[in-house]
Every structure is written in structure tokens, then in C-alpha cells.
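Inside the fold
Chain by chain, the residues run as shown.
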Amino acid sequence: MFSLCRIRCPMGRNWYLLWSGSAVSALGDGLFLAALPLLAATLTQDPKLIAGVSFFGTLPWLLVSLSAGAAADRYDGRRLLLAALWVQCALMAVLAAFHNAHIAFLYGMAFLIGTAETVPRAVGQPLIKATVENHLLERANGRLFASQSTALQFLGPPLGGLLFAVAVPAPFWVNALTFAIAAALVTKMRTSHDKPPVRPKAREGLRWLLNHKALRTITVVSATTNLCIAMTMATLVLFAQQRLGLTNAGFGAFLATLACGGVAGGLFAERLISRYRYTISATVVLIPLMWLGIATVAHDLVTVAVFAVVSSFCTAVWGVATASFRQRTVPTELLGRVSSAQTLITWGVQPVGALLGGLTADWFGLLAPWYVAITLRTVVGVLSLRSLQRTALSTAGGSEHPVPPTGLSAG
């Protein structure tokens, strides 16, 4: 669907522009990640109401992902990405200007910003596949995960917490600026787009995904992981303040600890996936074990950080492997819709997780969402292990281009 001019760079000029723009916007997202719950906590201490911010912020993944995927397969991805970045810039400026409004206003802004975010997610997969060769997908995705983890979790949250402590609207103004810079970088990309002969149907991606056995299993595991993460993140600001005794700036530093493992996982994923056949199976087992450590023996920031680093490392490796597998397996003309269909499921569960996390914490205490998440993720992971071991997620001992597993359907 996309053909991009290439300049003599190892991975292409367009790739580096896309990568840089993604990193800059991820920094703004990191500011937002810390500042939004802190802003909510200044308006209320009710776990249910604070969880509502996560609920409305992630609800668009459930409502508009399929439409975003159809648009990604039909229109010029660069133009769509630019439009989304400028819309997010404007929305962030509005939030900064009216930050002291009612929490219902916060819900509305979270929903609109989340809606705009579905577009970059949808067009990202086709653009990545168009900018690099197949054998470089793990490297490209690994670098993308590493840079996003650095900006989104390591640099952004502490800076967001610090800026929030200085002036409440400051992180939102800076976030608006990051979207403007990202848009300027994407503008320099040179792309051409061939309009499909037939208007893409949004549901074709979902149908193709459900007919593919390996991607179905991956989707179930990813969706369960995201559901569980949403449950614990919904009231994480209260967990950090009440259990760990962290300040607003400390909460940003707390979120930054999650990034260390993600950066390392993104950088080492290519090597691990190519050398060790059971890398993916190991990540499936380790993630809930790390959550168990946080819930049971972690009572200070250092101990939480140790478990969180391992968990985020495994999550990054899983993300690199599954993204590369999807980019190789799905036909180019369907990639936007299949990716968005997978997003519909894997990210669409987040508002449900946020709602469940808030209610569970309100009824049974701040640790209850962790125990529910550990149990659910362990059960799904164990049931999925055999299927995952038969899927060519790891290239160890295999060819440069893994063969799609049985169950492949072009839809």
C-alpha cells in the first residue's frame, strides 16, 4: 500500500524520521502518563472516580479501532499521522488551559485524546513495514520499543511529575509542544500512496485475525496482559502514595522504573529471539511471577523496581516478537485493518480493566487488583504455552523469514 523513497541510510531516511517523531511524541505521552492521574488525584481521592480517567482514556480503543484500521489501509498513512498529531497538540493545549475544571471535563478530554491516539497506532504498522526490509523488522521494532520505553516511561514520567509539582498545567503545555515537533519531523517524510481499487471494509481485518490460529492465541495473551495491567494501573497513583509513601515527583520516578526493563528488552529482543527458541515462553511465565513479587514482598520503591524491570523487559521482548511476526504474516493490503482489529481486542479491554481495577480496589483494598491480575494472567499463560511454542515467534534455528503456521487464512 505504501512505497517510500529510500536514501542511503542503513534503515532508510523515512524510518529515522518516523522513529524520531515517535520518540518525541512518546516523551509527551510520558508526561501525560504521570500528570493525568496526578491531576485527577487533586480533584478526588475516590478510587472509582480516579479509575474513570483510565476508563474513558482507553475506551476509544474499543470503539474506533476498526475504523482507524480501515482508514490506514485506504489513505496516505503520513497524512493521517500528521492530522492525528496536530489534533492531539490542540487537545493538549485545551486541557492545559482548563486544567482546573470538573473531573467530568477530564473524562471528556481523556476520551478525545485517546480517540486521536488510535490513528498513529493504526498507521504505524504499515509505515514500519514499508520503511524497512523483512529481515530488519526485529531490529526496527526493537529500537522502536526501546526509544518509546525511554521516552514514555523513563524520561517522561519523572519530568511530568516534576513539572506538575512546579505548575499544574506545565506538563500539558510541554506535551502539546512535543506533538508539534513530532508533526514537523513526519512532514519531512516522503511517501506515495496507491489508493486501493475497492474501499477497504473495516471488519475484514477482524475476520482475518479470527481465522488465523497463531495470531488468535497471541491476541488472547496480549489482551489478558493488557486487561491485568489496566486493573493495576487504574489506582497505581494511590498505591504509590499510600503503600510506598511517594510524593507527586516521586510518583513520576516510580513510573520511570518501569522503563528500564522496557529499554533493555527492546534493545536485546532481536538477539534473544534469534538465539533462544523458548524466549517467548519464558516471558509468558515470568510476567505474572513479577507481579506476584510486587504484591507480596515489595514495600519500598527499590524492591518494586526490581520486579517491575524484569516484567517490563519481558513485555518488550514479547511486543517485538509479536509485532514482527504480524508484520511478516499479514498481507500488506490488510495490515492496517488486522493490526487495528488486534488493537480493538488487546487495547479495547483496557477500559474494562480500569473499571474492574477501580471497583476491586474500592471494595477489597489496593492490593486486590494485583491478586486478580496475577491469577487471570497465570491461567491464560499456562493454557497458551503449547500453542505459542508451535508458533514461529522465535527465529532461533530457523530461517530469516519464519514460515506462517498452520491456520493461515487470507480471509
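To keep things clear, this report deals only with the structure shown in the data block. (Residues numbered from 1 in each chain as written. Predicted model: local features only at pLDDT ≥ 70, side-chain atom pairs only at ≥ 80, totals over all residues. Heavy atoms only, no water.)

With that settled, consider the packing of aromatic side chains. Per the stated rule, a full pass over the model turns up six aromatic pairs. When the ring of Phe-32 is compared with that of Phe-172, the centres are 6.3 Å apart and the planes differ by 75°; the resulting orientation is edge-to-face. One end of the pair, Phe-32, is in helix α1 (residues 13-43); the other, Phe-172, is in helix α7 (residues 170-187), and 140 residues separate them in sequence. Both residues of the pair, Phe-32 and Phe-172, belong to the buried class. (Phe/Tyr/Trp six-rings, centres within 6.5 Å; stacked < 30°, edge-to-face > 60°. Helix = DSSP H or I, 4+ residues; strand = E, 2+ residues; numbered from the N terminus. Buried < 20%, exposed > 50% of the residue type's maximum accessible area, 1.4 Å probe, protein only.)

The subject of this paragraph is the packing of helix α9 (residues 213-233) against helix α14 (residues 335-346). Packed helix pairs are characterised by how far apart their axes lie and by the angle those axes make with each other. Viewed as axis vectors pointing N to C, α9 and α14 meet at an angle of 40°, and their least axial separation amounts to 8 Å. As the angle between them shows, α9 and α14 are arranged oblique. Crossing angle aside, the handedness with which α9 passes α14 is right-handed. Contacts from Leu-215, Ile-218, Thr-219, Ser-222, Ala-223 and Asn-226 of α9 reach α14 at Gln-342, Ile-345 and Thr-346. Across the contact of α9 with α14, the residue classes tally to four nonpolar, five polar and no charged. (Axes fitted to C-alpha atoms, helices over the stretch in contact; angles between N-to-C directions. Parallel < 35°, antiparallel > 145°, perpendicular 65-115°, else oblique. Left-handed = near helix turned anticlockwise from the far one by under 90°. Contact = heavy atoms within 4.5 Å. Nonpolar A, V, L, I, M, F, W, Y, C, P; charged D, E, K, R; others polar.)

A separate point is the environment of Leu-356. Its place among the elements puts Leu-356 in helix α15 (residues 350-364). For Leu-356, a relative accessible area of 38% corresponds to the partly exposed category. It is 7.9 Å that separates the C-alpha atoms of Leu-356 and Pro-369, two residues lying 13 residues apart in sequence.

Contact geometry for helix α2 (residues 47-63) and α15: axes closest at 7 Å, N-to-C directions at 170°. On the basis of the axis angle, α2 is roughly antiparallel to α15. Together, Pro-47, Lys-48, Ala-51, Ser-54, Phe-55, Thr-58, Leu-59 and Trp-61 of α2 and Gln-350, Pro-351, Ala-354, Leu-355, Gly-358, Leu-359 and Asp-362 of α15 make up the contact between the two elements. Residues that form the contact of α2 with α15 fall into these classes: nine nonpolar, four polar and two charged.

Taking 1.5 Å of rise per residue, the twelve residues of α14 would be expected to cover 16 Å, and the 16 Å separating its terminal C-alpha atoms lies within 8% of that figure. Within α14, the full set of buried residues consists of Leu-335, Gly-336, Arg-337, Val-338, Ser-339, Ser-340, Ala-341, Gln-342, Thr-343, Leu-344 and Thr-346. (Expected span 1.5 Å × (residues − 1).)

Time to look at the environment of Trp-291. Inspection of the secondary structure puts Trp-291 in helix α12 (residues 279-296). Taking the relative accessible area as the measure of exposure, Trp-291 reaches 7% and is therefore buried. Put simply, Trp-291 and Tyr-371 are 80 residues apart on the chain and 8.4 Å apart in space, counted from C-alpha to C-alpha. Beyond its immediate stretch of four places on either side in the chain, Trp-291 contacts Thr-225, Cys-228, Ile-229, Ser-311, Trp-370, Ala-373, Ile-374 and Arg-377.

A few words now on a positive patch on the surface. A cluster of basic residues, Lys-213, Arg-216, Arg-386 and Arg-390, forms a positive patch at the surface. Mapped onto the elements, Arg-390 comes out in the segment after α16 (368-389). Owing to a relative accessible area of 56%, Arg-390 belongs among the exposed residues under this scheme. (Patch = residues over 30% accessible without salt bridge, like charges linked within 9 Å, V, L, I, M, F, W, Y side chains within 5 Å. Areas by Shrake-Rupley, 256 points an atom, 1.4 Å probe, with all protein chains shown as cover. Salt bridge = Lys/Arg side-chain N within 4 Å of Asp/Glu carboxyl O. Lys, Arg positive; Asp, Glu negative; His and termini not counted. Charge placed at Lys NZ, Arg CZ, Asp CG, Glu CD.)

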